[in-house]
Amino acid sequence: MSDSRPVTAGEPRLGIGRRPRRRFPRRVLLALPLALAGPFSLLLPVDAPRPYRQVVTIEAKMASKSDFFKDAEVRRLLLRHGIRVDIHRLGSRGIATQSLKGMDVVFPSGQPAAKMILDRQQGMSAKSARPFVTPLVLATFRDYAETLVRAGVARPQPGSDTAHTLYYDLDMRRFMGLLDGRDDRKNPGDGTGRTADTWNGIGFGEISGRSNSGRVLVRTSSVCESNSAGTYLGILAFVANGNTTPGTEDSNDLRQASDAVRRLAEKIKPLIDLQGMWADEQADSYFSDLGESIAPVSVIYEHQYLAHQIEYHDRHHRQDTGRVLLYPTPYALTEPQLISLSPRGDKLTDLMQNDPALRDRAVELGFRVRFSGEDGTSERLNAYLRDHGIQVPRQNTDETKVYEPALDVLEDLITYVGDCPPPVIQDDR
């Protein structure tokens, strides 16, 4: 008996074959993190360390020239070399006397403090660099500068548009006659009686249409701590000493030399005392919106003013003609010196001496940079100012330069004039 059940044909099954998994080459996988690191690094802050680069932190005690190392572009350039600078801000004289333990570099703003630091190295060879110089200047405002012109102690720099000039030359010998607070009967230009040596007494009201019955003063930072104040004191001493470096007249008789320095200190002390309390961060106050009411005349460095003008022109497409400079005659140059105290510090010192990008950035920040093979330090800066629409300061025809006295003479002047405690060198161990 046959099976009569119909035969049903099964539905055909579709077979799905598995494709072999595609593998990325090992070299691609290894390179992927590096490829992603580049775009990711663009999102980092300018002073953040880049991936896969070891960054060394350099401990530094610095005075006013710490502004250079706080600049965002300078920080970026240093990070390209794996360096970050941790700044401990202090006055130059403080740097020279306080402990340097744990520091890789120090950067005093002038040579007196640098010499004190180098003397502390006890015969050890210390690598150092003096990458730029900057003149000491008196920063003021146009109406006050024009008042000094009226009083016969200042003049607009030759060849400039006197209505809008940024720079004036200041005769320090005549100017010091306005700082002593005394009525000079032989000079009616300084005012008479109670108005003697006051801004109103020398014609500020006629120039500005405003009133200022305060004395003619120059605001400085502490002469006990600051290189700028010490340098200004050096100018006063040089002029009061007949344009002669103090302490050099009686060099063969130490007693007479010491007595001469003391008499000179007594003579110039009132020119400093009349300003009252010391003020820190002169440039910050001067460039603030209230700068004119804080102090009509302040001691700053030229590079601080030029950096302000460059930045102001970039933002407003014009110069800040309300703020102007007085260039003292005789003049004083300051030479900041970066001194290395460790192998890490050596690397930073070498970069400051030789790295073209850092040196170019210094010019952009208003410094007169030393470039090897060039006659002077000013031409590169002058060209940059011209290219950026900033008036170039002219060299005074009177090229008398103030030379710093010996360290012991300068210390005697500072200690007496500023009522400063004698410097006590702290142990670095």
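Owing to the predicted nature of the structure, the values given are computational and were not obtained by experimental measurement.

For the rest of this paragraph, the subject is the overall build of the chain. From N to C terminus, the chain includes 17 helices and 12 strands. Burial analysis of the chain (429 residues in total) assigns 46% to the buried set. Surface summary for the chain: the accessible area is close to 23200 Å², and the carbon and sulfur share equals 50%.

As for its placement among the helices and strands, Asn-227 is situated in helix H9 (residues 227-240). Residues contacting Asn-227, with those up to four places away along its chain left out, are Ser-92, Ser-109, Gly-110, Pro-112, Tyr-301 and Thr-334.

Counting residues in each nonpolar core, the largest one holds 91 residues, and the members touching the most others are Phe-69, Leu-148, Phe-175 and Tyr-232. Here this core takes nine residues from H9, the largest share from any one element. Residue contacts for Phe-175: discarding those within four places in its chain leaves Leu-138, Leu-148, Val-153, Leu-170, Val-216 and Val-218. Grouped together as the second largest cluster of nonpolar side chains are 10 residues, Ala-113, Ala-114, Ile-117 and Ile-339 included.

Next up on the list: the confidence of the model for the chain. Residue-level pLDDT values for the chain average 85, and 81% of them are 70 or greater. Of all secondary-structure elements in the chain, the lowest mean pLDDT belongs to helix H1 (residues 26-41), at 52, while strand S9 (residues 323-329) reaches the highest, 98. Of the regions scoring below 50 in pLDDT, residues 1-16 engages in zero contacts with residues more than four places distant in sequence or in other chains.

Right, let's get into the layout of surface pockets. Taken as a whole, the largest pocket encloses approximately 930 Å³ of empty space. Considering each element in turn, the lining of the largest pocket owes the most residues, eight residues, to helix H13 (residues 302-316). Looking at the lining of the largest pocket residue by residue, the class counts come to 13 nonpolar, 13 polar and 13 charged.

We now examine the packing of helix H10 (residues 254-273) against helix H17 (residues 407-417). Interaxial distance between H10 and H17 falls to 9 Å at its minimum, and their mutual angle equals 45°. Relative to H17, the element H10 lies oblique. In this structure, H10 crosses over H17, and the sense of that crossing is right-handed. For the pair H10 and H17, the contacting residues are Val-261, Arg-262, Ala-265, Glu-266, Ile-268, Lys-269, Ile-272 and Asp-273 in the first and Val-409, Asp-412, Leu-413, Tyr-416 and Val-417 in the second. Classifying every residue of the contact of H10 with H17 gives eight nonpolar, no polar and five charged.

Further remarks concern the packing of aromatic side chains. Taken as a whole and assessed by the stated rule, the structure comprises 12 aromatic pairs. Seen from their ring centres, Tyr-144 and Trp-199 are 4.8 Å apart, and the 80° between their planes marks the pair as edge-to-face. Of this pair, Tyr-144 sits in helix H6 (residues 142-150) while Trp-199 sits in the loop between helix H7 (172-176) and helix H8 (204-208), placing them 55 residues apart in sequence. With centroids separated by 5.9 Å and ring planes inclined at 65°, the aromatic side chains of Tyr-167 and Tyr-327 adopt a geometry described as edge-to-face.

Before going further, it helps to spend a moment on the pattern of salt bridges. Counted according to the given criterion, the structure contains 18 salt bridges. Arg-210 is the salt-bridge partner of Asp-143, the closest N and O atoms lying 2.8 Å from each other. Of this pair, Asp-143 sits in helix H6 while Arg-210 sits in the loop between H8 and H9; the two residues are 67 residues apart in sequence, bridging distant segments of the chain. Given a relative accessible area of 38%, Arg-210 falls into the partly exposed group. Across the pair Arg-370 and Glu-335 runs a salt bridge, and its minimum N-O distance is 2.4 Å. With a gap of 35 residues between them, Arg-370 in the loop between strand S12 (368-369) and helix H16 (379-387) and Glu-335 in the loop between strand S10 (333-334) and strand S11 (338-340) connect regions that are remote in the sequence. Using a relative accessible area of 30% as the deciding quantity, one classes Arg-370 as partly exposed. Salt bridges sharing common partners tie together Asp-71, Arg-361 and Glu-364.

Before going further, it helps to spend a moment on the sheet that holds strand S2 (residues 83-89). In spatial order, the strands read S2-S1-S3-S11-S4; together these five strands make up an open sheet with mixed pairing. Both edges of this open sheet fall to S2 and strand S4 (128-129), since each of them pairs with a single strand only. Pairing analysis gives three bridges linking strand S1 (residues 56-62) to strand S3 (residues 105-107), with the strands arranged parallel. Bridge pairing in S3 links Ala-60 to Val-105.

Of the residues making up helix H5 (residues 111-119), those classed as buried are Gln-111, Pro-112, Ala-113, Ala-114, Met-116 and Ile-117. If you follow the buried residues of H5, they end up packed against helix H4 (92-97), S3, H9, S11 and H17.

Turning our eyes to something else, we now look at the pairing of strand S5 (residues 132-141). Of all 10 residues making up S5, 10 are buried, and the element is well covered by its neighbours. Both S5 and S10 contribute to a ladder of two bridges, which runs antiparallel. If you follow Thr-134 over to S10, its bridge partner there is Thr-334. Pairing of S5 with strand S8 (residues 298-301) involves four bridges; the strand directions are antiparallel.

Thresholds applied
Residues numbered from 1 in each chain as written. Predicted model: local features only at pLDDT ≥ 70, side-chain atom pairs only at ≥ 80, totals over all residues. Heavy atoms only, no water. Helix = DSSP H or I, 4+ residues; strand = E, 2+ residues; numbered from the N terminus. Buried < 20%, exposed > 50% of the residue type's maximum accessible area, 1.4 Å probe, protein only. Areas by Shrake-Rupley, 256 points an atom, 1.4 Å probe, with all protein chains shown as cover. Contact = heavy atoms within 4.5 Å. Core = buried A, V, L, I, M, F, W, Y, C linked by side-chain atoms within 4.5 Å. pLDDT = per-residue confidence, 0-100. 1 Å grid on protein atoms, 1.4 Å probe; cavity = no way out; pocket = protein on both sides within 12 Å on 5 of 7 lines; lining within 4 Å. Points joined across faces, edges and corners; volume = space filled by probe spheres on them. Nonpolar A, V, L, I, M, F, W, Y, C, P; charged D, E, K, R; others polar. Axes fitted to C-alpha atoms, helices over the stretch in contact; angles between N-to-C directions. Parallel < 35°, antiparallel > 145°, perpendicular 65-115°, else oblique. Left-handed = near helix turned anticlockwise from the far one by under 90°. Phe/Tyr/Trp six-rings, centres within 6.5 Å; stacked < 30°, edge-to-face > 60°. Salt bridge = Lys/Arg side-chain N within 4 Å of Asp/Glu carboxyl O. Pairing = 2+ DSSP bridges.

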